[in-house]
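Residues per chain are reported as follows:
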Amino acid sequence: MIGPDLVDVPLGDLRAAGASRKDLRLKEVQERQDRRRTFRRPERTVKTTRANQSGLGGRHLGIGLSFSGGFIALFLFWRFMIQWFDYPNPLPSLAAWTLLMATTALALVTVQQLSARMPDWLFAAALASGSVVVVLDLAGSRGQGGSEVYPTAAAAVGSLLIALVTVRRGRDVVTSAVVLAGVLFVGAVTESRPDPFTLAPELLAIVLAIMPPLLGVAIVRSFRRMAQRELDLVLVQSTVSQPQFAVGMLASEELARIDLDAETLLDDVAQGRTTLPLGADKSTTASTLATQLRLHLIQGRRETWLHHAITESEFLGPSVNLHDPAGLAGLLDPAQRDALLRTIWLLISDTTRAEAAVSLSLGPIRPTHGVRARQKLRFPIELTTTGVPRRRVDPETWQAIRVVGPHIDSTRDGSLRVEIECSIDNPADA
């Protein structure tokens, strides 16, 4: 139904309003993409977020994928033994299986010795051996289109690839699997056969060759994405214990660098390596250091823990907009801080939409009445989501919101809006 306030609005104005709303949404998406591209993580946390996957369960994941590929290879080897007497000459296929087993064992042992890393030269050697395996197996089964003989060792090369998904980039494994499937498919369709239904076993072999590596890459990517998000959450949760106004991790690293440069300059003067008065270059360096130090100290008096938690998160930064001019987030107690951070995190992570976003606004402070009420400060926290429908909100999100304060929620255009009434102790009474 059209509301009474829209009855007299011309249709052209409605279309213009819809177009402007669409342009605004596109602009917000572009801004989030720009923030994602310009995101820079503090150097001292890069090693943490890029932690060795073997220390985060990646080793167990690789072992599980290797076993699954091994079972497929055993099935194909069993099939090779069954069709042994149907080969006109089984020696090429036997040589292919021998080379494949030796290559797989040698590659796995070498990777373990290199601390779960597979350099380019080793990957190239494994691919070269796999290519020889494919050629030998195709040569052994060639000319048997009318029989039940089909390539087995060539299809088992996919089992070798699935064992490498945790130590190589996904696109390398996917490209190799696609090339392998293409070679097997060309060999199958160019085979002369009296009955077209004899193509079915070879198609099954092609599926067994390409599907395990592709599924392995998808599983590993999902695991790494999950681990990356959890690490990111752990890093930003460290901001909860900061004072009301503080510098973030990026500023802390820059302050440490400035401190080192200043200490080096003072030590040079004290040891006589730099004479007084300072030269033009040294004076410029000292002035720059002092200016940077003042800027960081001033900046640290304007940014709250919530600002740092959002801007220093690779996951939250592009999708969350914060408006807190009075720095009220710094007045929240630790339980409220943790609950508010979890609320934002869950609202973003509960949806798979790329355009999901949260706008967070705190304040202004509302007047209180009564003797006991004066010991408290009340202000609203407004959460407005984009692309986050209410039905997709996890119950844990509502539990976290209740820790922050009583709330009222509403839905508009399929998105969620939550207004939280937050009460905190008055800092003047502390």
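Remember, it's a predicted structure, so these values are computed and weren't measured experimentally. (Residues numbered from 1 in each chain as written. Predicted model: local features only at pLDDT ≥ 70, side-chain atom pairs only at ≥ 80, totals over all residues. Heavy atoms only, no water.)

**Q** Would you take a moment to explain the overall build of the protein for this structure?
**A** Counting its regular elements, the protein contains 13 helices and five strands. Burial status across the protein gives 39% buried among its 430 residues. A separation threshold of at least 6 residues defines the contact pool for the protein, and within that pool the share at least 24 residues apart is 75%. Element-wise, carbon and sulfur atoms account for 61% of the exposed surface of the protein, whose accessible area totals about 24,200 Å². (Helix = DSSP H or I, 4+ residues; strand = E, 2+ residues; numbered from the N terminus. Buried < 20%, exposed > 50% of the residue type's maximum accessible area, 1.4 Å probe, protein only. Contact = heavy atoms within 4.5 Å. Areas by Shrake-Rupley, 256 points an atom, 1.4 Å probe, with all protein chains shown as cover.)

**Q** Is there a simple way to explain the environment of Ala339 in this structure?
**A** As for its placement among the helices and strands, Ala339 is situated in helix 12 (residues 334–349). Discounting residues that sit within four places of it in the chain, Ala339 has contacts with Ala400, Val403 and Val404.

**Q** Would you take a moment to explain the UniProt feature "transmembrane region" (unreviewed entry) in the protein for this structure?
**A** The sites that UniProt annotates as "transmembrane region" (unreviewed entry) are residues 60–82, 94–114, 121–143, 149–166, 173–190 and 202–220. Helix makes up 100% of residues 60–82 and strand 0%, and the two end C-alpha atoms of the span are 33 Å apart. Taken end to end, residues 202–220 is 100% helix and 0% strand, and its two terminal C-alpha atoms sit 28 Å from one another. (UniProt positions renumbered as here; feature names shortened; annotations may be inferred.)

**Q** It is not clear to me how the nonpolar core should be interpreted in this structure. Could you clarify?
**A** Nonpolar side chains tend to gather and get buried jointly when the protein is soluble and globular. Membership of the largest hydrophobic core comes to 39 residues, with the highest contact counts inside it found for Leu306 and Ile381. Elements supplying a minimum of two residues to this core: helix 8 (199–237), helix 11 (305–311), helix 12, strand 2 (357–362), strand 3 (376–386), helix 13 (395–404) and strand 5 (415–425). Looking at this core, the element that brings in the most residues is helix 12, giving seven residues. Once you skip the residues sitting within four places of it in the chain, Leu306 turns out to touch Leu322, Ala329, Leu340, Ile344, Leu360 and Leu362. In this structure, Leu100, Val134, Ile162 and Val220 belong to the second largest nonpolar core, which totals 33 residues. (Core = buried A, V, L, I, M, F, W, Y, C linked by side-chain atoms within 4.5 Å.)

**Q** When you look at the side chain of Asp137 in this model, what are you seeing that I'm missing?
**A** Along the chain, Asp137 falls in helix 5 (residues 120–141). Summary of buried charges: Asp137 has no salt-bridge partner, and the nearest side chain of opposite charge, Arg79, is 11 Å away. Within the local environment of Asp137, its side chain forms a polar contact with the backbone nitrogen of Ala154, the two atoms lying 2.9 Å apart. Ignoring anything within four residues of it in the chain, the contact list for Asp137 reads Tyr87, Ser93, Ala96, Pro151, Thr152, Ala153 and Ala154. (Lys, Arg positive; Asp, Glu negative; His and termini not counted. Salt bridge = Lys/Arg side-chain N within 4 Å of Asp/Glu carboxyl O. Polar contact = N/O pair within 3.5 Å; in protein donor to acceptor, adjacent residues only side chain to side chain.)

**Q** Got a minute to help me understand the sheet that holds strand 2 in this structure?
**A** Spatial ordering of the open sheet is given by 1-2-3-5-4, a layout of five strands whose pairing is mixed. Of all strands in the sheet, those with a lone pairing partner are strand 1 (320–323) and strand 4 (407–412), marking the two edges. With strand direction ignored, the average angle separating the axes of adjacent strands in the sheet is 15°. Contacting strand 1, strand 2, strand 3 and strand 5, helix 12 crosses the sheet at an angle of about 155° to strand 2. Its contacts with the sheet place helix 13 against strand 3, strand 4 and strand 5, and it is angled at close to 35° to strand 5. (Pairing = 2+ DSSP bridges. Axes fitted to C-alpha atoms, helices over the stretch in contact; angles between N-to-C directions.)

**Q** Looking at this structure, how should I read the packing of helix 5 against helix 6 (residues 153–162)?
**A** The relative placement of two packed helices is expressed as an angle between their axes plus a distance between the axes. Helix 6 packs onto helix 5 with a crossing angle of 160° between their chain directions and a minimal axis gap of 8 Å. Relative to helix 6, the element helix 5 lies roughly antiparallel. Residue-level contacts link Ala126, Leu127, Gly130, Val133, Val134 and Asp137 of helix 5 to Ala153, Ala154, Val157, Leu160 and Leu161 of helix 6. Grouping the constituent residues of the contact of helix 5 with helix 6 by class yields nine nonpolar, one polar and one charged. (Parallel < 35°, antiparallel > 145°, perpendicular 65-115°, else oblique. Nonpolar A, V, L, I, M, F, W, Y, C, P; charged D, E, K, R; others polar.)

**Q** Explanation requested: the pairing of strand 5 in the structure shown.
**A** A regular strand carries its side chains on alternate faces of the sheet. Bridge analysis of strand 3 against strand 5 gives nine bridges, and the strand direction is antiparallel. Bridge pairing in strand 5 places Lys376 opposite Asp425. Across six bridges, the pairing between strand 4 and strand 5 is antiparallel. Note on strand 5: the bridge partner recorded for Arg412 is Ser415. Counting the residues between successive antiparallel strands, the hairpin from strand 4 to strand 5 contains two residues, one of them, Asp413, with a positive phi of roughly 55°.

**Q** Hey, could you run me through the packing of aromatic side chains in this one?
**A** Any aromatic ring pair is given by two values, namely how distant the centres are and how the planes are angled relative to each other. Taken as a whole and judged by the stated rule, the model has seven aromatic pairs. When the centroid spacing of 5.9 Å and the interplanar angle of 35° are considered together, the rings of Phe75 and Trp78 count as tilted. Note that Phe75 and Trp78 are positioned in helix 3 (residues 58–82) at a spacing of three residues, about one turn of the helix. For the pair Phe77 and Trp97, a centre-to-centre distance of 5.1 Å together with 80° between the ring planes defines the contact as edge-to-face. One end of the pair, Phe77, is in helix 3; the other, Trp97, is in helix 4 (residues 91–113), with 20 residues separating them in the sequence. Residue Phe77 is classed as partly exposed on the basis of its relative accessible area, which comes to 26%. Here the aromatic residues Phe77, Phe80, Trp84, Tyr87 and Trp97 are joined through ring pairs into a cluster of three or more. (Phe/Tyr/Trp six-rings, centres within 6.5 Å; stacked < 30°, edge-to-face > 60°.)

**Q** Explain the pattern of salt bridges to me, please; I cannot follow it from the model alone.
**A** When the charged atoms of two side chains lie near each other, side chains of opposite charge can form a pair. Within the structure shown, the criterion is met by 12 salt bridges. Here Arg390 makes a salt bridge to Asp409, at a shortest N to O gap of 2.9 Å. Of this pair, Arg390 sits in the loop between strand 3 and helix 13 while Asp409 sits in strand 4; the two residues are 19 residues apart in sequence, bridging distant segments of the chain. For Arg390, a relative accessible area of 38% corresponds to the partly exposed category.

**Q** I'm lost on the environment of Trp97 in this one. Help?
**A** Taking the relative accessible area as the measure of exposure, Trp97 reaches 3% and is therefore buried. Along the sequence, Trp97 and Phe77 sit 20 residues apart, while their C-alpha atoms lie 8.0 Å from each other.

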